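# Analysis of the macromolecular model
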Amino acid sequence: MTDARYCLLDTMQDLMSNYLLDECPDNVTWEDFDPDIDGLRSSVADLIDKHCRGTVSTAVVVTHLVEVEFFSGDDCFASAVYTIDASTTHGAEHHALSMSLDSIYNDPRIPDLSRAATARPVDDPDAPI
């Protein structure tokens, strides 16, 4: 029964992530594009984490360097690099975007503020960041 629950939660997480990846415009964060789906994704991720406590996880966690760029309109005015441990680059990017909400550059007074994240695994030195 628990395996079926985990499969269902994992499938839900994948479906919501794929929706956001496919539909969210560039330079718009998932929480800004569709806060309801992003909130559900976070809830499902919490349930997956709770379910996996005490069980062996099959996900391989990799350290990623994630560059978050801050835009005013089409102009990039700042960037920050975060080191994130995650099983996917998209998960690392999403986590870094969440962390960047606390950045001094995430100022609502900046006109047409948006953020974009680009992740690469630390063990892939040729990938651009």
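Check the entry above for the structure.
Figured I'd write up the structure that's included with this text. (Residues numbered from 1 in each chain as written. Predicted model: local features only at pLDDT ≥ 70, side-chain atom pairs only at ≥ 80, totals over all residues. Heavy atoms only, no water.)

Okay, the packing of aromatic side chains next. In this structure the tally under the stated criterion is 4 aromatic pairs. Between F77 and Y105, the aromatic rings sit 6.4 Å apart at their centres with planes inclined by 75 degrees, giving edge-to-face as the arrangement. Taken as a pair, F77 in strand β2 (residues 75–86) and Y105 in the loop between α4 (89–99) and β3 (113–121) lie far apart in primary sequence, 28 residues in all. Grouping aromatic residues by their ring pairs yields a cluster made of F70, F77 and Y105. (Phe/Tyr/Trp six-rings, centres within 6.5 Å; stacked < 30°, edge-to-face > 60°. Helix = DSSP H or I, 4+ residues; strand = E, 2+ residues; numbered from the N terminus.)

For the rest of this paragraph, the subject is the layout of surface pockets. As a volume, the second largest pocket reaches approximately 310 Å³. Around the second largest pocket, the lining is made up of 16 residues, and of these D26, V28, W30, E93 and A117 lie nearest the centre. For the lining of the second largest pocket, the elements supplying multiple residues, two or more each, are α1 (2–23), α4 and β3. Tallied by class, the residues present in the lining of the second largest pocket amount to 9 nonpolar, 4 polar and 3 charged. (1 Å grid on protein atoms, 1.4 Å probe; cavity = no way out; pocket = protein on both sides within 12 Å on 5 of 7 lines; lining within 4 Å. Points joined across faces, edges and corners; volume = space filled by probe spheres on them. Nonpolar A, V, L, I, M, F, W, Y, C, P; charged D, E, K, R; others polar.)

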